[in-house]
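Chain residues, written in single-letter form:
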Amino acid sequence: MGRLTRPIVPGLLALLLGTAPVFAADTHQHSNAPAPQNLRNPGKGSPEPIGTYANGCVRGAEALPADGQGFQVMNLSRHRNYGHPQLTAYLKALAGEVEREGLGILSIGDMSMPRGGRMQTGHASHQMGLDVDIWFALDLGRLAVPAREREDFASMVDTKAQRVNSQFGPAQARLVKLAAAAPNVTRIFVNPAIKLALCERETGDKAWLHKVRPWFGHAAHLHVRLACPAGAGQCETQEPPPEGDGCGEELLSWFKPPPPVTGPPPAPKPPPPPPAACLALYAEPD
Ligand SMILES: [Zn+2]
């Protein structure tokens, strides 16, 4: 097993992106504001992401409906189908394209909680209403709501071989390309084996692969991240990905054996306190 499946410093990686389990947020009370996972309604006011992808919140989020043209939302009981209106608009447009091209139906995974914030399980990011997980499986059909409470989505990667498996077909590759095409998408995280397959299969211009970033996990879903919307003064812009299509050395480094571990792993650090503006948002009536 290589770097594809085993984070070396889980705590750090959790902070960087959020595929590793996160720390129990509610052991870490920073104010008397309710914990964001207990809030059921978005904060009133103009839509605004606040903070960073891994430590922030969102005002004025909207729910992506459980069903729409070309998409369905999974695991509705989690209340994680909220996002900045740019994210919901993006998903509706993408689902429309997927449907028009006859690729199947988009199954939408976690977005953000109604006011964003740190989730108790599953992600370190997804906090500002600008991140979304989309399952690669396009052939699930439209499921009844109870049948959407599931985690067993098909992996696209043979982890032993460190290559995509037969589940990763042209429809999946096309989905990533369509997802990357919107100008307000800043990054798409996929397993390194998936990035490699995309690099190998793209016979034309590879420039779009710039946004597609190799990362741990992400074998059954792609994670799309939108940039801070124009004029969102409290949304902290993340460095753009490195120049180029990322199909060379950097990608290959993911397939080398991890460096030997020396000494005990560093103790995980508690997450930083949420921005004051987020605590104020959580304290507003639900
Ligand atoms: Zn994600």
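Residues numbered from 1 in each chain as written. Predicted model: local features only at pLDDT ≥ 70, side-chain atom pairs only at ≥ 80, totals over all residues.

Draft legend 1. A look at the overall build of the protein chain. Looking only at helices and strands, one finds 6 helices and 13 strands in the protein chain. Relative to its full complement of 286 residues, the protein chain shows a buried share of 41%. Look at the contacts in the protein chain between residues 6 or more apart in sequence, and 78% of them connect residues 24 or more apart. (Helix = DSSP H or I, 4+ residues; strand = E, 2+ residues; numbered from the N terminus. Buried ≥ 20, exposed ≤ 12 C-beta atoms within 10 Å, placed from the backbone. Contact = placed C-beta atoms within 7 Å.)

Draft legend 2. Just helix H4 (residues 192-201), in detail. Counting buried positions along H4 yields 7 of 10 residues, so the element is predominantly enclosed. If you check which residues of H4 are buried, you get Pro192, Ala193, Ile194, Lys195, Leu196, Ala197 and Leu198. Structurally, H4 contributes buried residues whose contacts are with strand S9 (157-158), strand S10 (163-164), helix H3 (170-181), strand S11 (185-190), strand S12 (212-214) and helix H5 (249-253).

Draft legend 3. Main features of helix H2 (residues 85-100). The terminal C-alpha atoms of H2, which comprises 16 residues, lie 23 Å apart, in line with the 22 Å expected from a rise of 1.5 Å per residue. Among the residues trailing H2, Gly102 stands out with phi positive, at a value near 70°. (Expected span 1.5 Å × (residues − 1).)

Draft legend 4. Geometry of the pairing of S11. The buried fraction of S11 amounts to 5 of the 6 residues, a majority that puts the element mostly inside the structure. Across 4 bridges, S11 lies against strand S13 (residues 221-226) in antiparallel orientation. If you follow Arg187 over to S13, its bridge partner there is Arg225. Here S11 runs beside S12; their pairing, made up of 3 bridges, is parallel. Opposite Phe189, over in S12, you have Arg213 as the bridge partner. One crossover worth recording links S11 to the parallel S12 by way of H4, and it is right-handed. (Pairing = 2+ DSSP bridges. Right-handed = clockwise from strand over helix to strand, strands pointing away.)

Draft legend 5. Region of the structure containing the pairing of S13. The buried fraction of S13 amounts to 6 of the 6 residues, a majority that puts the element mostly inside the structure. Where strand S8 (residues 131-135) meets S13, 5 bridges bridge the pair, whose relative direction is antiparallel. Following the sheet pairing, Trp135 is matched in S13 by His221.

Draft legend 6. Up close: unusual backbone geometry. Positive phi is not limited to glycine here, since His79 has a value of about 55°. Tracing the backbone shows His79 in the loop between strand S5 (71-73) and strand S6 (82-83). For His79, a count of 16 C-beta atoms within 10 Å gives the class partly exposed. Phi at Gln162 is positive, roughly 60°, even though this residue is not glycine.

Draft legend 7. Just the nonpolar core, in detail. If you look at the biggest cluster of nonpolar residues, it comprises 60 residues, and the most contacted ones within it are Leu91, Ile108, Ile194 and Leu222. In terms of residues, this core owes the most to one element, H2, which gives 6 residues. Beyond its immediate stretch of four places on either side in the chain, Leu222 contacts Ile134, Phe136, Val176, Ala179, Ile188, Phe189 and Val190. (Core = buried A, V, L, I, M, F, W, Y, C linked by C-beta atoms within 7 Å.)

Draft legend 8. How the structure looks around the environment of Ala63. Following the sequence through the fold, Ala63 ends up in strand S3 (residues 62-63). Look at Ala63 and you get partly exposed, because 16 C-beta atoms sit within 10 Å. Sequence spacing of Ala63 and Asn81 is 18 residues, and the spatial spacing of their C-alpha atoms is 5.6 Å.

Draft legend 9. Highlighting the environment of Phe136. In this structure, Phe136 sits in the loop between S8 and S9. With 29 residues separating them along the chain, Phe136 and Ser107 place their C-alpha atoms 8.0 Å apart. Aside from chain neighbours lying at most four places away, what touches Phe136 is Met156, Gln172, Ala220, His221 and Leu222.

Draft legend 10. Representation of the packing of H2 against H3. Between H2 and H3, the shortest axis-to-axis distance is 10 Å and the interhelical angle comes to 145°. Between H2 and H3 lies a crossing of right-handed hand. Seen from H2, the contacting residues are Leu94, Glu97 and Val98; seen from H3, they are Leu175, Leu178 and Ala179. Of the residues contributing to the contact of H2 with H3, the split by class is 5 nonpolar, no polar and 1 charged. (Axes fitted to C-alpha atoms, helices over the stretch in contact; angles between N-to-C directions. Left-handed = near helix turned anticlockwise from the far one by under 90°. Nonpolar A, V, L, I, M, F, W, Y, C, P; charged D, E, K, R; others polar.)

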